Structure formats: structure tokens, C-alpha cells
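Overview (structure and organization)
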Amino acid sequence: MGAVRPETAIFDRNPDPALDELVELAAVLCDADYGYIGWMDFNRLWFKARFGFKAAEQPRASTADQWMLEKGEPLLIPDASRDSRFPPEGIPLPGGNSCLSYAAVPLFSSDEHMIGTMAVLSKRADQFKLEHLTLLEILGRQAVTRLELYNRIRLQEQAQRQRQRTERALAIERCFVAATLDSIPALVTVLDTAGRVVRMNYPCAQLTGLSLAHAVGRPFVEEFLEAGDRGWAAGKLREASAGQASGPHETPWRAAGGESRRVSWTLRPLLGPNGEIQYLIVSGQDVTDQREMEKTLLRSEARYREAVENSLGIVFTCSMEGRLTSLNAFTAETLGYRAEALVGRMLTELMDAEGAAAFQDCLNTLESSEEWQGALPLRRSDGIYRRIAMRSRRMQLPGERPFVLNHGMDVTEQYEAEEALRMATRQRELILEAVDDGIFGMDLYGKVTFINEAGARMLGYTSDQLVGRDLHELIHHSHADGTPYSRSTSPILQALRRCEPVRMRDEVFWRKDGTAVPVEYSATPLLEEGQVCGMVVAYQDVSERRRLEKMKDEFISTVSHELKTPLTSLRASLGLIQSGSLDKRPEKQRQLIEMAIGNCDRLVRLVNDILDFDRGEKGRLHLNREAVDPMTLLRRAADVAHNAATQARIEFHFEVNAAPVFADEERVLQVLNELVGNAIKFSPAGTTVRLAAWDVDGVAPNAAASEAGAVCFMVEDQGRGIAPDKLERIFERFEQGDASDSRALGGTGLGLALCRSIVEQHGGRIWAESEVGRGSRFLFTLPAATGT
């Protein structure tokens, strides 16, 4: 990186306490021994701000910055002693110090030019990580913002000095240039939508001789315009009240002392925050002297050329076809040419396609009217475009062809600043809309100033319905139990009064429909020029998180119970056997051993269920598919449950009319065992469990059209049934028809979720049908073996 360009020369050698504090903050946050902000010329690294040392510069060749600036990217050096680019003792610093760790980021201006670097160094190796680079980038942007602010202030001061020089020149010269600059529009009057004066500025009052107290509330057309212009002007006011701008108009205005002054003025509506027209703005300029000067200009070519050449603004003339005929020295200097090199050229040669189209529109307008105003991009000799605010008038000397007189002002910096502001505003809007959390702002009175769409949707509103409303009364008026939430105890309003951030984890906001939504939120004061002007609140709907936490707690409790019960029985059985008290009772000892083995098997099944569910969730269940007879599957499931069915006095009824299925026999049997076991658990004694299978040809209940060619299995009981709102949820993990079932009847809540995973990996689906008090039917489909 070479020397800083003049237009971005934002570094000097004067100390800046604010930048020193930023560097110190970076060093403290990164736990660094040294830190600095600097810029580099061809030979040296200059330090604008520093921490840990006092030197003002360092030879370029001995710095680490030269390597970072080669690529223009952040650089992290964990240990310089192992880096061949540096001496064994590390990176040298002024004063004989050396460092092993180095982290730095380049500083870029708003126009993406590298202007310097921000770095931290440590005597210890491996001190910095990638997150420290992120921190430096954030602090670096703050430093660049401050430096560019200094630069803008410097430019503003230069512009002020330029204006002062211009004013002194105007006061001395008393010539056409002074008259032209004095005629710059500076008359402003604010009207209500009925055309009555609300406010006017001092130049306007000075011109008309009216005091503000006298003019307020009086009709503009009667107080300012001559009688002959009041009729059509009143019509223009009505059009402006309807949203149509007009002008420029050039009419005589009633002036102090009974005289008339000729004023060029425009009329524009001013929209309020709600999009309605609130005021009408009349902006104009006294062109009386300018018109007199134009007449003088037409009479005296010599005086005209002298005035133009001495002008401190852009002044040139061109033909009605757009060919340059004359220009002052300031115009040529602004464009980087000699004046004689431009005369005779088409002005469109200095424009891009868009600018050429705009200039052609100017020429077309001047064919039918006397004046045109707008902005044109003109290309300098070095290829850089400058944006020029133009005012063009069609002029005609007696007996001569008409030509165009152009006055302009370079507004490039102002235009770029406005574009940057629009882009920053748009970026903020995009960021707000991109996040899923709710974010809103409020003013000092607790009224919503903005809210993103996600936040409004979370509360059942649209953004427009919330902006301007009282936040506390709308969404934060009550506790979760319905008791009132006073403004004095509201954490958000308390934080606003105390000018401090707050974070709450157990709160509720109220939706538009009156329901409460549990939220976590953080509220942070919004600062403007060091003063609190409101709060920004970011919040999350934690309903799903709390539901999952509850499911997790129930699962842990259930699994703990399922583990504890067989372990307790197992421990008791083995304890009796170990004590020797049953040595003379081998039959009883054998029963206890069988009980211990059964409990071990129960524990193995529990662990296998959990492992199978995990594999199923990840799609890793291994399936050994083959053609399997549905009747065989149902018989095997009934055989497995025979003892439990006998004890519960439950009978099985089989109905099978189906082709073989293409499936993993053991996995399908695992599904049937779960469904049959559940049917026995929830069936009253003396009832029948129906086991059925049939080909799906549009006859399966709820069968989809895409399931033709499959086989549907059904397990039906005559138990108490399942509530309609739980028919889908019971297939989710940790869910049961009734939470008390996990303790009364056993189970982890993973069985049906595992069944769904197995069936879906076979390409089928599973569902439940039930009527409370009349039993339940569990059905699932598997692909038929035909054609496989």
C-alpha cells in the first residue's frame, strides 16, 4: 500500500484519544501486550494510535503489516519464531521489543480502498484466534467510521472556507457572477394542504416584507402573488394537495415597499410518516436580478465572457443539438481539460448512455419550455465521473439561433453520501427481515418505532398494526397468570428509565387473539449522540423449547423407572442366591435365576429400542429384505405375545388375504410385537385383538392412491381408545396417549416412533384410527413382493 490518496487522506500524525481508546480496547479484549492503528507509505509504518509503546513510526521492512497488505486480507501469525519471514526472536517493535503472536486486519474506506491497518501483538505465542480477527474487524470499522467522519468534517470545513471566499468575492466584484450566485434559490415557504402559510424562512420574509406572525394562516396566493396569477396558482395548490408536484413557475411576487420581484418557484407535496400529504413546500429563488443580468448579457458579449470566465461555478453554453460553444475556466478545470479542447465537441461524448439520455431529455424539454433542471454525470479526462446539478435555460439573441445557457454545481460527494445512506437503510431492513427472532424498537414513551415481520407475525399482527402503538398496553400488560403487569414493574420500561440493558428468561407477551406466548427477550438502550433515545428489544418464542424440555424430563423419568424396576428385582434375586439361604431350595433358586434372566432381557430390549430408534432417526437401520408371508408375520407376533395374552385373557382373531411382502422379516416383526403388545396392555380382559392383512387396491382405510400394489397390516383392539388430537402425536418420540401410562403400564415412549421409522424406511406409512371408548386400530403398509 502506497501513500494515502488526497481525497481519502484521513490520517495525520496528531494524537487522537478516541482512537487510542479503541486500540487499548482491542488490546485488552485480545489480552495483547501491544496494539496500534497505522498506515504505511513506501518506507515506513506510521502509527496513528498505539498501545504499549510510544514510537511514532517503524521501518516498513521490519513490520508484519507488509505481508498482510500484500493480499489485503486479515492476517494471523500464531508464532513468529517459527515463521521464516521473521527473526527467531519474533516480530520486532520500536524500542527493541519483539512479539511472537500477531493479529491484524486491513482498514477499508467506504469506497473499498485500503487506508491502513489495525493490529495487536503479544509476547506470548498462540495468543490470538480467528475470533480475535472478527473482533478487530468490528473495532476496525469503528475506527474507519471515526476517521471518515474526520475527513467529512475536513471537507465540510473546506467547503465552508470556499463559501466564505465566494461571499467575499461576491461582495467585492459586484458583477454578473455575484448577481448569478446571489440568485441561487433560497426562498422557502411551508403551506398546509389548504394553501395557508405555516412557516417561511428569513429570505422569504425579507423579500415580501411580511412578518411570520402576520403571514401564518393567510392564503399563499393572496399574500404573495399578483391578482392575475392567483387563479391558476390556486389550481396548482389543489393539484399538489392531491400529490402532484409542479414547477418551476416564474411569476412576479408582491415584495416589500409595494414593488414586485420575479421569482422562479416550485410546488411539491410533503408526505408524513403515514404516507399522507401533510404540507406543501414552495421553494423558489428571486431571479429578478438574474433576468436583468441575462438581458445585459445578451447586450454585451464582452461583459458576458468576462463574467463567465471569472465564475466560481460550472458555466457553459451549447447549441440546441448539444455541441459545446463556450465554457469558463472553472468548468474546464473541473473536467480536467483545456477549454479549447472541449469547444466544438458534443457534450454527450463526456457522458455514459444513461447521462446521454438525460441530456437529450433536457434538450427536448428546452424546445418547448425555457428552463430545465436535473443532474448529469460528466466524465473527466481521467475517466472518473462527476455528478453535476444542472440548471439550463434556452436563450436567443435577436437575429440569432437559440442556444442553451447552463449553470452547474458539482454534487458528487453529496450524491454518494445519500446513496450510502440509502444502502445502509436497506441493509438494516434486510437484516431485520432475515432473522427468525422478533426485533422491535421503541421510543422514550414506550411506543413501537419499528418491528420486523417475524416479530409481528409471532404476535399475530402486521408491522403496520404495531408501529406507533403503546408496547406495554398492547403485548406486555399482564403476567402469565393474568394478573396485571404495571408499567412501574415492567423490566423493559425499568431498563429504559435506568438506561441499562436487561435480559429476561421467563416472560410472556400477549398475542392479538388474547393468547400468551412464552418468550425470552433482551432489551438494550438505543443511543444517539450519546443520549438514550429508545430501546431495541429482541425476543424468541420458547414454546417449542419448553415442550421439548418437558418431553425430555418425562423421557428421563420413564427410562429411569424402566431401568430401576428390573435392576431392583435383579439385585434382589441375586442377593438371595448369594446369601445361600436358598441352597436347600433348588426350585425356588431356579425361579429367581429365571426372573433375573427375564429382567436382563428386559434391560437388553430397552437398550436395543433406544439404539434402534437412534439408527432409525439417522436412516441407518440395516434391512435384509425378502419375500415374507403376511400370515407368518402375524402368527409369529401372536406367538410372542401368547403368554401375555393368556394372562390378560385376550384372544386373537386372524383375517389374512394378502400377497407376500418385500421386507425385513425381523424388523416387521418388531413393529407387530410393539403394536400387539400395546393392544394387550390397553384391552380389557375377555376381549379380542384382531390381526389382519390385505392387498391395497383402493380398499384400505385412508389408503393413498400411490399405495396401490402394497399390503396393509392392521392390529385392532377393543380398549379405551385414543383422543383425536393425539392420533398423530403418539408416533412422535417420547409421546404416549396418556403420560400416566409410562408408569402404570411401562414403556419409554419410543416404541411407536421406532415403528414409524421402520415402516417409512420400507417405503410404507403407519397411522392410527380410534374412537374414544370403542378401541383403536393401528395400520401400516409395506410394498408387495410381486415384481421385486
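Each remark here, short or long, concerns the structure printed above.
Residues numbered from 1 in each chain as written. Predicted model: local features only at pLDDT ≥ 70, side-chain atom pairs only at ≥ 80, totals over all residues. Heavy atoms only, no water.

1. Structural notes on the overall build of the protein
Along its length, the protein carries 25 helices and 30 strands. Counting contacts in the protein only where the partners sit at least 6 residues apart, residues at least 24 apart contribute 56% of the total. Accessible surface, the protein as shown: approximately 41800 Å² in total, 52% of it carbon and sulfur. (Helix = DSSP H or I, 4+ residues; strand = E, 2+ residues; numbered from the N terminus. Contact = heavy atoms within 4.5 Å. Areas by Shrake-Rupley, 256 points an atom, 1.4 Å probe, with all protein chains shown as cover.)

2. Topic: the sheet that holds strand S23 (residues 531-541)
One open sheet holds the five strands; their spatial order is S20-S19-S23-S22-S21, and the pairing between them is antiparallel. The strands lining the two open edges of the sheet, one partner per strand, are strand S20 (448-451) and strand S21 (502-510). Strand-to-strand twist of the sheet, defined as the mean angle between neighbouring strand axes without regard to direction, takes the value 30°. (Pairing = 2+ DSSP bridges. Axes fitted to C-alpha atoms, helices over the stretch in contact; angles between N-to-C directions.)

3. Comments concerning a nonpolar patch on the surface
Residues Val198, Leu270 and Tyr279 make up a contiguous nonpolar surface patch of roughly 220 Å² in combined accessible area. For Leu270, the location among the structural elements is in strand S12 (residues 260-271). (Patch = residues over 30% accessible without salt bridge, like charges linked within 9 Å, V, L, I, M, F, W, Y side chains within 5 Å. Salt bridge = Lys/Arg side-chain N within 4 Å of Asp/Glu carboxyl O.)

4. Brief notes about the nonpolar core
Among the nonpolar cores identified, the biggest contains 40 residues, and Val661, Leu672, Phe713, Val715, Phe778 and Phe780 are the most heavily contacted of them. Among the elements of the structure, helix H21 (630-640), strand S26 (661-664), helix H23 (665-681), strand S27 (688-695), strand S28 (710-716), helix H25 (751-761), strand S29 (766-770) and strand S30 (776-783) are those that each provide at least two residues to this core. Looking at this core element by element, the count peaks at eight residues for H23. Each residue touching Phe713, except ones within four places of it in the same chain, is listed here: Pro630, Leu633, Leu634, Val661, Ala692, Ala693, Phe778, Leu779, Phe780 and Leu782. Ala456, Leu466, Ala495 and Phe509 belong to the second largest nonpolar core, which has 26 residues in total. (Core = buried A, V, L, I, M, F, W, Y, C linked by side-chain atoms within 4.5 Å. Buried < 20%, exposed > 50% of the residue type's maximum accessible area, 1.4 Å probe, protein only.)

5. What about the side chain of Thr189?
Tracing the backbone through its elements, the reader meets Thr189 in strand S9 (residues 187-191). Thr189 has contacts with Val197, Arg199, Met200, Cys204, Phe224, Leu280, Ile281 and Val282, leaving out every residue within four places of it along the chain.

6. Description of helix H18 (residues 491-498)
Every buried residue of H18 is listed here: Pro491, Ile492, Leu493, Ala495 and Leu496. Tucked inside the fold, the buried residues of H18 contact strand S19 (438-442), helix H17 (471-475), S21, strand S22 (516-528) and S23. Cys499, located one to two residues past H18, shows a positive phi value of around 60°.

7. A closer look at unusual backbone geometry
Residue Pro248 is reached from Gly247 by a cis peptide bond, and omega for that bond is 10°. Position of Pro248 relative to the elements: it lies in strand S11 (residues 246-254). A positive phi angle is found at Cys499, which is not glycine, with a value near 60°. With respect to the secondary-structure elements, Cys499 resides in the loop between H18 and S21. A positive phi angle is found at Arg649, which is not glycine, with a value near 55°. Mapped onto the fold, Arg649 is located in the loop between helix H22 (642-647) and strand S25 (651-657). Looking at Arg649, the relative accessible area reads 57%, which means it is exposed.

8. A look at the pattern of salt bridges
Counted by the stated rule, this structure contains 34 salt bridges. Salt-bridge contacts for Glu250 lead to Arg262; the nearest nitrogen and oxygen are separated by 3.0 Å. On the criterion of sequence distance, the pair formed by Glu250 in strand S11 and Arg262 in strand S12 is long-range, its members being 12 residues apart. Note on Glu250: relative accessible area 24%, which makes it partly exposed. With its nearest N and O atoms 3.3 Å apart, the salt bridge here joins Asp382 to Arg380. When salt bridges that share partners are traced, they join Glu250, Arg262, Arg291, Glu370, Glu371, Arg391 and Arg393 into one network.

9. Here we look at the sheet that holds strand S14 (residues 314-319)
A sheet is described by the order of its strands in space; here five strands give the open sequence S15-S14-S18-S17-S16, paired in antiparallel fashion. Since the sheet does not close on itself, it has two edges, and those belong to strand S15 (324-327) and strand S16 (371-379), each with one partner. Strand-to-strand twist in this sheet, taken as the mean axis angle between neighbours without regard to direction, amounts to 30°. In the sheet, S14 pairs with S15 via three bridges, with the strands oriented antiparallel. From the neighbouring strand, Thr317 faces S15, where its bridge partner is Ser326. Running over the sheet, helix H13 (residues 353-368) touches S14, S16, strand S17 (385-395) and strand S18 (403-410) and is turned about 155° from S16.

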